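Coordinate analysis (summary)
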Amino acid sequence: MRSLTLLSFTLFILVASNTNSFSKGNSFNEPVKKYNLVNGTFSGRITDAKTGAAIEGATVYISDIRSGTSTNASGNFLISNIPQGIHLVEISHIGYSNIIESIEIKNDIKKDFALSESIIENNAVVVTGVTGATQLKKVPFAVSVMRTEDFFRNTSSNIIESLTKIGGVSTLATGPAISKPVIRGLSYNRVLTINDGVRQEGQQWGDEHGIEIDEASVHKIELLKGPASIIYGSDAMGGVVNIITNVPVPVNTIKANLSSNYQTNNNLSTINLNIGGNKKGFNWNIYTSNKAAGDYKNKYDGRVFNSKFTENNIGGYAGYNAKWGFSHLLVSSFNLKAGLIEGERDSAGYFIKNLAGGITERVTSQDFKTSTPQIPYQHIRHFKIALDNNIKIGKNQITFNLGYQQNQREEFGNPDDMDERSLYFDLKTFTYTAQYRLAEMKGWKTSFGINGMQQNNTNRGVEQLIPDYNLFDFGIYAFLQKTINKLTLSGGIRFDNRTINAGNLLDGTSIKGNAFKNSFSNVSGSIGLAAQVTNAVNVKFNIARGFRAPSLPELASNGAHEGTIRYEYGNSNLKSETSLQFDGGVEYSAEHISIGLSAFYNSFNNFIFYRKLEATGGGDSLVNVNGELLTGFKFDQTKASITGLEATVDIHPHPLDWLHILNTFSIVSGQLRTPIEGNKYLPFIPASRLVTEFKGSFNKITNHIRNGYIKLEVDNTFSKEHVFTTYNTETRTSGYTLLNAGFGADIVNKKNQTLFSLSFSALNMADVAYQNHLSRLKYSEENVATGRTGVFNMGRNFSIKVNVPLSLNLGK
């Protein structure tokens, strides 16, 4: 760890120090002449398309070089040190639709822009989770984007929960603190999370393992739906959550944000501070956040004991942007303590807690007044350091990222020894990625890359769920994109190899699982198109082959699966899971209406599932665990398919230009090719959902109130009838309708500078008692007093958010 940190700092200092060499004319002069490192500037003025007035504070940003600025009071902007070539520029301001335009930089370029107040953005979004910055309408598969302002106006208990506003996205939750993304019915190791170019590695295979990223640090999230193995390799079968935090503030400025959130249901309180600066190319950012929540409540369970949690995070980056590119060093530390909800209750229906000596007693009112979790609880720490670089080589670019992560998950569950770690995973991961991008030429964009990781897991707790192991992963790929008028074709091919070397699985000193070594290789690829048929109609189609190497629990588990009647055996002979997905969509955008329709079919070979074992003498194989007979299962592979559809209709009626009505519908169906005991449905597929939002947006309410909004949301989740009831895996779930509302605005001074922003939300206003189909708490123990099984989701909740921005201009 220390050597990697030293290496990262050394590389950063060496790259940054070369800046003077390029400018002072020493031994670097020859490469400068050879590669013609002449950079240009981009300047202009941004105005309101309707009034012609200057727009102050509009953002002009070039993603590929991590450089941008904001307009001054006269609407003028200037970005310097831009490498020659074609760059995708994004111009945005709250209350206006974005403008995306490819600008060819040759020396100094000046161009003015006029922003429209239209709510419908017409695909004017830049995505970077493909290979370099690409306009959304040119990406051949479904991508959704959420920004800082979206998170501020929505209310959730964690960053992944916020993504459920996107069609086709759900969460698999274990209480308010732990949520896993579910994209088009796939989750766990079938969905990959990327954070600032680094593959996020925790224990994605576990139910109680969320995404260890501080939501206060997030600038933008790009959600790629469908197989993305071509760029990211194994585990990106269902999609990718690309989280972007490292965005430099404009040159010669210091910007800060102090924000806070309070939620009434579980007394959740957060405070976040984020400050960044940029002076003559040297840019930096520091953030910290603190979050504490008590036990949440609903009208059936009252306060849900031990749903409390605390979270404390800190991080930031330092870097240099110059003529040759940029180099940034990122560091973050995530720290979460979350209670584990067991749902045990006495005969009167009150929650109980475990005490030393095997004693249980009823939870008291004092137990609900703290945010400190009680036994059982988990403590998760995630440390990450990464070096992110983009170096100009002539008109081409090479990007490379080196990262180190340490994920430590401790579970405390022994009332007789409060310090005993029943489970303690110590996971260390080194990730690497490099990509060579050729300069765009005659509509061609070409890139080549490698990425992978080296990983080591050590068990330090009393029990072992998986063995100690070492893993090495390597992948190489090529990607092409060609634009012909309004048609964009793209595709690529990739090869991967993963080697796993696992030790013995131990039960104390006894061996209950033998050591093994496996290797998995795979070729994947994709080809697709995006066509701007007319100015209003955009069509997309993509075919992609994805793959996933089996996870350690699937290869090596040997034990009871908590909360079920299953005793699970791993299978070290499993093959790579592969899929072939067909994805198509059509989008129509006009001045007063926008319609989007996306459908997919995902066919799996070697889909990893489990089968029931038979006893030697016939009947089910039974395993005695602490006096309880559990049915034996073993991981196996079969064929399966998942199909689905997502639709959006955004109406912006004239002459009520301030109003828009957004409808989002999603449906997913998963089936086994060969039914198991007469049941053909894949388990844990999300229920169909229709969300209708009525929203009024007002750019100017008074001279001191700007960017106001008010909204009413009807969130309708349908009943889930087609479920995998075999082996008591899951049960049917009733439908429900939630009513949500919110309003907010920016408070500005006479110079139209934001003093602070407010956001108010009311969730589940009718206080509906419901269970989300993908909530693990649905399978908690029965409340014998009421006959209801499991724990219900959060009831009525009010939220208030405040954000205070500060800005300092450092001059030229």
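Parameters at a glance
- Residues numbered from 1 in each chain as written.
- Predicted model: local features only at pLDDT ≥ 70, side-chain atom pairs only at ≥ 80, totals over all residues.
- Heavy atoms only, no water.
- Patch = residues over 30% accessible without salt bridge, like charges linked within 9 Å, V, L, I, M, F, W, Y side chains within 5 Å.
- Areas by Shrake-Rupley, 256 points an atom, 1.4 Å probe, with all protein chains shown as cover.
- Salt bridge = Lys/Arg side-chain N within 4 Å of Asp/Glu carboxyl O.
- Helix = DSSP H or I, 4+ residues; strand = E, 2+ residues; numbered from the N terminus.
- Buried < 20%, exposed > 50% of the residue type's maximum accessible area, 1.4 Å probe, protein only.
- pLDDT = per-residue confidence, 0-100.
- Contact = heavy atoms within 4.5 Å.
- Pairing = 2+ DSSP bridges.
- Axes fitted to C-alpha atoms, helices over the stretch in contact; angles between N-to-C directions.
- Core = buried A, V, L, I, M, F, W, Y, C linked by side-chain atoms within 4.5 Å.
- 1 Å grid on protein atoms, 1.4 Å probe; cavity = no way out; pocket = protein on both sides within 12 Å on 5 of 7 lines; lining within 4 Å.
- Points joined across faces, edges and corners; volume = space filled by probe spheres on them.
- Nonpolar A, V, L, I, M, F, W, Y, C, P; charged D, E, K, R; others polar.
- Polar contact = N/O pair within 3.5 Å; in protein donor to acceptor, adjacent residues only side chain to side chain.
- Phe/Tyr/Trp six-rings, centres within 6.5 Å; stacked < 30°, edge-to-face > 60°.

Attention shifts here to a nonpolar patch on the surface. Together, Ile450, Ile476, Ile493, Phe495 and Val523 line one region of the surface with nonpolar side chains, adding up to about 410 Å² of accessible area. In this structure, Ile476 sits in strand S31 (residues 469–484). Ile476 gets classed as partly exposed once you look at its relative accessible area, which sits at 42%.

Before going further, it helps to examine the confidence of the model for the chain. Looking at the chain, the pLDDT average stands at 87 and 92% of residues meet or exceed 70. This model gives residues 1–36 a pLDDT under 50, and the stretch forms 39 contacts once residues within four places in sequence are excluded.

This part covers the environment of Val331. Residue placement: Val331 occurs in strand S24 (residues 325–339). We classify Val331 as partly exposed; its relative accessible area is 31%. If sequence neighbours within four positions are ignored, Val331 has contacts with Gly315, Gly316, Phe383, Lys384 and Ile385.

Time to look at the sheet that holds strand S6 (residues 99–105). Each strand in a sheet pairs with another by means of backbone hydrogen bonds, the pair being arranged parallel or else antiparallel. Strand order in the open sheet made by the 4 strands is S3-S2-S5-S6, with antiparallel pairing throughout. The open sheet has two edge strands, strand S3 (67–70) and S6, and neither has a second partner. Strand-to-strand, the axes of this sheet are offset by a mean angle of 20°, without reference to chain direction. Sheet analysis places strand S5 (residues 85–92) next to S6, joined by 7 bridges and oriented antiparallel. Residue pairing in the sheet places Glu90 in a bridge with Ile100 of S6.

In terms of nonpolar packing, the biggest core is built from 35 residues, with Tyr469, Leu552, Ile642, Leu672, Leu682 and Phe724 touching the most fellow members. Secondary-structure elements contributing two or more residues to this core are strand S29 (421–437), S31, strand S32 (487–502), strand S35 (516–532), helix H6 (552–556), strand S40 (593–612), strand S42 (628–651) and strand S43 (659–676). Counting residues per element, this core draws most heavily on S40, which supplies 6 residues. Setting aside residues no more than four positions away along its own chain, Ile642 makes contact with Arg184, Gly185, Leu186, Phe600, Tyr601, Asn602, Phe604, Val668, Ser669, Gly670, Leu682 and Ile685. Judged by nonpolar contacts, the second largest core, of 18 residues, contains Ala58, Val60, Val89 and Ile103.

Our next topic: the pattern of salt bridges. Side chains that differ in sign of charge can pair as their charged atoms come close. Enumeration according to the criterion identifies 29 salt bridges in this entry. The salt bridge involving Lys111 is made with Glu101; its shortest N-O contact spans 2.1 Å. With Lys111 in the loop between strand S7 (108–110) and strand S8 (113–115) and Glu101 in strand S6, this pair connects stretches of sequence that are 10 residues apart. On the basis of relative accessible area, Lys111 is assigned to the partly exposed category, the value being 32%. Of the residues examined, Glu101 reaches a relative accessible area of 24% and is grouped as partly exposed. Where salt bridges share partners, they join Arg184, Lys225, Asp583 and Glu646 into one cluster.

Turning our eyes to something else, we now look at empty space enclosed by the protein. Tallying each qualifying case throughout the model produces 9 cavities of 30 Å³ or more. Together, 20 residues line the second largest cavity, and Asn189, Glu201, Trp205, Gln455 and Tyr469 are the ones closest to its centre. Contributions of two or more residues to the lining of the second largest cavity are made by strand S30 (444–459), S31 and S32. At 3 residues, S30 tops the list of elements feeding residues into the lining of the second largest cavity. Here the lining of the second largest cavity is built from residues that sort into 9 nonpolar, 7 polar and 4 charged.

What follows is about the environment of Gly315. When you line up the elements, Gly315 lands in strand S23 (residues 309–322). Residue classification places Gly315 among the buried positions, given a relative accessible area of 11%. Note: C-alpha distance between Gly315 and Leu330 (15 residues apart in sequence) is 7.7 Å. Not counting residues within four places of it along the chain, the set of residues in contact with Gly315 comprises Asn285, Ile286, Tyr287, Val331 and Ser332.

Among the secondary structure elements, Asn389 is positioned in strand S27 (residues 377–393). Taking the C-alpha atoms as reference, Asn389 lies 15 Å from Ile244; in sequence the two are 145 residues apart. Residues contacting Asn389, with those up to four places away along its chain left out, are Phe326, Ser327, Ile398, Thr399 and Phe400. Of note is the side chain of Asn389, whose polar atom sits 2.6 Å from the side chain of Ser327.

Attention shifts here to the sheet that holds strand S11 (residues 143–147). Strands sit in the order S11-S16-S17-S14-S15 across an open sheet of 5 strands; the sheet is mixed. Of all the strands in the sheet, just S11 and strand S15 (198–199) have a single pairing partner and so form its edges.

Turning our eyes to something else, we now look at the packing of aromatic side chains. Considering all chains together, one arrives at 14 aromatic pairs under this definition. Here the aromatic rings of Phe665 and Phe718 are separated by 6.4 Å at their centres, their planes lie at 80°, and the arrangement is edge-to-face. Residue Phe665 is found in strand S43, and its partner Phe718 is found in the loop between strand S46 (705–717) and strand S47 (736–748); the two are separated by 53 residues along the sequence. Judged by its relative accessible area of 26%, Phe665 is partly exposed. For Phe718, a relative accessible area of 35% corresponds to the partly exposed category.

Most of S24 is tucked away, with 11 of its 15 residues classed as buried. Pairing between S23 and S24: 14 bridges, direction antiparallel. When the sheet's bridge partners are listed, Ile314 is paired in S24 with Ser333. The turn linking S23 back onto S24 is made up of 2 residues.

Moving on, we come to unusual backbone geometry. Omega for the peptide link from Ile375 to Pro376 comes to -5°, which places this bond in the cis form. Here Pro376 is to be found in the loop between strand S26 (359–362) and S27. Phi at Asn267 is positive, roughly 55°, even though this residue is not glycine. Locating Asn267 in the fold gives a position in the loop between strand S18 (253–263) and strand S19 (268–279). Residue classification places Asn267 among the partly exposed positions, given a relative accessible area of 41%.

This part covers the side chain of Thr47. By the element assignment, Thr47 lies in strand S1 (residues 40–48). Judged by its relative accessible area of 14%, Thr47 is buried.

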